2 protein chains.
Amino acid sequence: MTDRGTRPPVAAEPLTGSTGAGDRSAPAAAPTSTEATYPTEIQAEVDLFLAGLAFASEGTTRGLEEAMRYSLLAGGKRIRPVLSLATAEALGRDPQELLPLAGAIELVHTYSLIHDDLPAMDDDDLRRGRPTCHVAYGEDVAILAGDGLFAEALRLVLERQDGRPEHLLACVRELVAAAGVNGMVGGQYLDVTASADLDAAGVRRLQELKTGRLICASVDCVGLVSGLSGPDTMALSRFATELGTLFQIVDDILDVTGDEVSLGKRLRSDERHGKPTYVTTFGLERSGDLAEKHHRRARAALAEAGERTGTLEQIADYILTRRR
Amino acid sequence: MTDRGTRPPVAAEPLTGSTGAGDRSAPAAAPTSTEATYPTEIQAEVDLFLAGLAFASEGTTRGLEEAMRYSLLAGGKRIRPVLSLATAEALGRDPQELLPLAGAIELVHTYSLIHDDLPAMDDDDLRRGRPTCHVAYGEDVAILAGDGLFAEALRLVLERQDGRPEHLLACVRELVAAAGVNGMVGGQYLDVTASADLDAAGVRRLQELKTGRLICASVDCVGLVSGLSGPDTMALSRFATELGTLFQIVDDILDVTGDEVSLGKRLRSDERHGKPTYVTTFGLERSGDLAEKHHRRARAALAEAGERTGTLEQIADYILTRRR
């Protein structure tokens, strides 16, 4: 893998008059970089694994399983599980062995999307190009589908992931911490309660909790279940932190400059809800610069993480340059 | 502890004309039995433990913690954690050692109540005598408070419950299975989708999943985390199954015959939603008889479960005779 010297999608040319929140509606510069290649063969393995999952042991709850699988199998880039499998590769493990953990992380992510899209939350009707879970199955079933996915994610790790008991425990401990009040759910809370004038540090923290923690867990949990921590995985952890920030900055940029068909979701959702983002806080141009900075740092961390980081480099490049 | 020969609250005198679903509005017979003593000293220990729990590690998410604690500390009989501590006693363990697990089970129960009460679900505005979580904090925060309680419940067991790693894993595996699609969430799904003409077997199954599984887990998880299973805990498991059924039958009876002030929640919620219950299916009189039958079976199972089952007997008697 080489660093293609790519630029983030919107900052190919400096935008003038970018002064922070005020340039929200500035037209995005036409992207000149090409999207880096995504490890689609790993994504396909994840998709295959997820498609094979069943949750209901009896016919009466098959309808709940259907709603869960509807959202779970709606496609998507599978960045988190792909990251887990690429981390396994970086640690010299067979990625196949980590599929239950990787799949579980995608279940947790899907659960958060379903709840995030609910009328009482972001009230989105389109996700991954399809009607959201509550539009398709009703709000009550959607709430339960999210709840069910979280429980079944943990069952998946606890019942199917190989690992020594103490390592499995450490891994699940990290996963639930990343999903809890000091992680994803806390970030969602900050998101629903945030006022538009949240300062830069506040925006960063919101995103660190809401998306960053689970992205970090996608890397860290693989180390933990392999019995590795501390110096052995420190560079990978730093990589994951940078990647999480990079991911969210690009997400915020695409929410303004992307197109709904490619992204498969309604755009300007944050704007509609008056929510602070990297773009409202730093402006499009500085957000692009920030994305590049975090990409550089992510790559620098990988350079210290051993010889087998090719796929992780590919993921970092893709996230910087992705259009959807 | 002695079996007081108590009767369930509503069936002290035979009701005439009880013919199944048709007698829904039959006036309840005045209860003649007295409520058995509840182990309030154990309940107080649970309350103290729960009151000491904090979830947010930073100020910004304190508001979410507040909503979680609002519902968690609203009182209630704490039947599930009290059951866990009484099971510890029955197994010859110091109940204090099981407080993290017992507390976690109450967190899971509270999470299910918050989501159950949501407008899209049962749409209840009163719980444990106070406005429900979404009435007090808004629907978005209530959804997240439920989500957060589930994650923090698991963190509590994984970070604070003592036990050998393989025993802790078995315990958490059972807890998430009890909360998942083949347990509580599956039961909630059956509840929101059930039609009023569900047959008797269907009503039983709904309740087994919705409330029975977590009540069983309150007992079984204590055995698992103690490294006990199979013959050592079989009688206790049978007890828990019978107790779960008994609990739900009495709950359905009280939903018709109880009073809102004592119960702290809106009554006839099932009726309003056209939901099948033991009372709509079997009628009040037969429901009372069924409650007695399952109480007898619960006590019989305890008789085979060793010498230290006094508190568990007390709980069984209380559940049969409770007024709230």
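Per chain, residues are indexed from 1 in the order of the written sequence. Here chains are named by letter from A upward and ligands by number from 1 upward, in the order in which they appear as written. Only residues with pLDDT of at least 70 get local features here, since the model is predicted, and only at 80 or more are side-chain atom pairs given and counted; chain-wide, interface and lining totals rely on the full set of residues.

**A few points about the confidence of the model for chain A**
Residue and element names in this part refer to chain A.
Link 1 in the chain: Per-residue confidence from the predictor is reported as pLDDT, which spans 0 to 100. The predicted model of chain A has a mean per-residue pLDDT of 88, with 87% of residues at 70 or higher.
Link 2 in the chain: Low confidence marks residues 1-32, where pLDDT is under 50. Its contacts with residues over four positions away, or in another chain, come to 71 contacts.
Link 3 in the chain: For this predicted complex, the interface score ipTM comes out at 0.89, alongside a pTM of 0.89. Residue pairs qualify as contacts under a 7 Å threshold applied to their C-beta atoms, which are placed from the backbone.

**Considerations on the interface of chain B and chain A**
Link 1 in the chain: Residue-level contacts link 46 residues of chain B with 46 residues of chain A.
Link 2 in the chain: Here a strand is any run of E in DSSP of at least two residues, a helix any run of H or I of at least four, and the numbering for each starts at the N terminus. Put simply, the parts of the chain that give the side of chain B that touches chain A at least two residues each are helix 2 (62-72), helix 6 (139-160), helix 7 (165-179) and helix 8 (184-193) of chain B.
Link 3 in the chain: If one sorts the elements of the side of chain B that touches chain A by residue count, helix 6 of chain B sits on top with 14 residues.

**A closer look at the relation of the copies chain B and chain A**
Link 1 in the chain: The two copies are related by a screw operation: chain B maps onto chain A through 180 degrees of rotation and 0.0 Å of translation along the axis, at an RMSD of 0.0 Å. Such a combination of rotation and displacement between the chain copies is what one expects of a two-fold axis. For chain B, the minimum C-alpha distance to the rotation axis belongs to B:Pro165 and amounts to 2.8 Å.
Link 2 in the chain: A share of 100% of interface residues in chain B that are also interface residues in chain A marks the association as one of identical surfaces. Here the copies were fitted onto each other by least squares, based on C-alpha atoms from residues at pLDDT of at least 70 in both.

**Topic: the nonpolar core**
Link 1 in the chain: Definition of nonpolar core: a set of buried Ala, Val, Leu, Ile, Met, Phe, Trp, Tyr and Cys residues joined via C-beta atoms within 7 Å. The exposure label follows from counting other C-beta atoms within 10 Å of a residue's C-beta, where the C-beta atoms are placed from the backbone and the thresholds are 20 or more for buried and 12 or fewer for exposed, leaving partly exposed in between. The biggest cluster of nonpolar side chains holds 204 residues, and the ones touching the most others in it are A:Ala145, A:Val172, B:Ala145 and B:Val172.
Link 2 in the chain: Dropping the residues within four chain positions of it, B:Ala145 is found in contact with B:Leu64, B:Ala67, B:Met68, B:Ser71, B:Ile114, B:Cys133 and B:Tyr137.

**Regarding the packing of helix 4 (residues 99-117) of chain A against helix 6 (residues 139-160) of chain A**
Residues and elements named next belong to chain A.
Link 1 in the chain: Viewed as axis vectors pointing N to C, helix 4 and helix 6 meet at an angle of 165 degrees, and their least axial separation amounts to 8 Å. Viewed along their axes, helix 4 and helix 6 adopt a mutual orientation that is roughly antiparallel. Classified by chirality, the crossing of helix 6 by helix 4 is left-handed. Contacts between helix 4 and helix 6 pair Pro100, Leu101, Gly103, Ala104, Leu107, Val108, Thr110, Tyr111, Ile114 and His115 from the former with Ala142, Ala145, Gly146, Leu149, Phe150, Glu152, Ala153, Leu154, Leu156, Val157 and Arg160 from the latter.
Link 2 in the chain: All amino acids are sorted into three groups, where Ala, Val, Leu, Ile, Met, Phe, Trp, Tyr, Cys and Pro are nonpolar, Asp, Glu, Lys and Arg are charged, and the leftover types, Gly among them, are polar. Taken together, the residues that form the contact of helix 4 with helix 6 break down as 15 nonpolar, four polar and two charged. The convention used is that axes are lines fitted to C-alpha atoms, helices contributing only their stretch in contact, and that angles between N-to-C directions extend from 0 to 180 degrees. Throughout this description, any angle smaller than 35 degrees is read as roughly parallel, any larger than 145 degrees as roughly antiparallel, any in the 65 to 115 degree range as roughly perpendicular, and the remainder as oblique. With the far helix as reference, a near helix turned anticlockwise by less than a right angle produces a left-handed crossing, and one turned clockwise produces a right-handed crossing.

**Some remarks on the environment of B:Met234**
Link 1 in the chain: One can find B:Met234 in helix 10 (residues 234-257).
Link 2 in the chain: For the pair B:Met234 and B:Glu304, spaced 70 residues apart in sequence, the C-alpha to C-alpha distance is 9.3 Å.

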